Amino acid sequence: MADPKTDDFRLERNGSELTVVFTPTGATYTFPANQAEPNEPTAEQEQRVDTGGYAEADVRKMAVSLAALAHQRPAERGA
């Protein structure tokens, strides 16, 4: 199985939600935009995540990591 890379993801902010899209398959992981430290994405119960040969746990873990980075304030990122 291939390992997901940060370049395989796109972040979209829409009002009160932050969506992390796994671009190879279009799988989406949605987080509340105001959540201090994202840990688990919200999803419709019937939503099935297609990770296209990537380990779903690895894709989810990377999505959570990227959402956490997006939630940091600029000063925390060293800007």
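Here the structure is shown first, and the text comes after it.
Note that the structure is predicted; figures quoted are calculated from it, not measured.

A. Geometry of the sheet that holds strand 2 (residues 17–22). In spatial order, the strands read 1-2-3; together these 3 strands make up an open sheet with antiparallel pairing. In this open sheet, the two strands that pair with only one neighbour each are strand 1 (9–14) and strand 3 (27–32). Looking at each pair of strands side by side, their axes are set apart by 20° on average, direction ignored. The pairing of strand 2 with strand 3 spans 6 bridges and is classified as antiparallel.

B. Molecular detail of the pattern of salt bridges. The full count for this structure, using the stated rule, is 2 salt bridges. Arg10 serves as the salt-bridge partner of Glu12, at 2.8 Å between the closest nitrogen and oxygen. For Arg10, a relative accessible area of 41% puts it in the partly exposed group. With a shortest N-O distance of 3.4 Å, Arg60 and Glu56 are connected by a salt bridge. Taken together, the residues span about one helical turn, with Arg60 and Glu56 both in helix 1 (residues 56–71) at a distance of 4 residues. With relative accessibility at 24%, the residue Arg60 sits in the partly exposed group.

C. Summary view of the nonpolar core. Core analysis: the biggest nonpolar cluster contains 13 residues, and Phe9, Val20, Phe22, Tyr29, Phe31 and Val59 have the highest contact counts within it. Secondary-structure elements contributing two or more residues to this core are strand 2, strand 3 and helix 1. Among the elements that make up this core, the one with the highest residue count is helix 1 (5 residues).

D. Spotlight on the environment of Val20. The topology assignment puts Val20 in strand 2. Along the sequence, Val20 and Phe31 sit 11 residues apart, while their C-alpha atoms lie 8.1 Å from each other. If we skip the residues at most four places from it in the chain, Val20 touches Phe9, Arg10, Leu11, Ala27, Thr28, Tyr29, Phe31, Ala63, Leu66 and Ala67.

E. Structural view of the packing of aromatic side chains. The tally for this structure, following the rule as stated, stands at 2 aromatic pairs. Their ring planes at 45° and their centres at 5.0 Å tell us that Phe9 and Phe22 sit as a pair that is tilted. Taken together, the positions of Phe9 in strand 1 and Phe22 in strand 2 put the pair 13 residues apart, joining distant regions of the chain. Each member of the pair, Phe9 as well as Phe22, carries the same accessibility label: buried.

Cut-off values and rules
Residues numbered from 1 in each chain as written. Predicted model: local features only at pLDDT ≥ 70, side-chain atom pairs only at ≥ 80, totals over all residues. Heavy atoms only, no water. Pairing = 2+ DSSP bridges. Helix = DSSP H or I, 4+ residues; strand = E, 2+ residues; numbered from the N terminus. Axes fitted to C-alpha atoms, helices over the stretch in contact; angles between N-to-C directions. Salt bridge = Lys/Arg side-chain N within 4 Å of Asp/Glu carboxyl O. Buried < 20%, exposed > 50% of the residue type's maximum accessible area, 1.4 Å probe, protein only. Core = buried A, V, L, I, M, F, W, Y, C linked by side-chain atoms within 4.5 Å. Contact = heavy atoms within 4.5 Å. Phe/Tyr/Trp six-rings, centres within 6.5 Å; stacked < 30°, edge-to-face > 60°.

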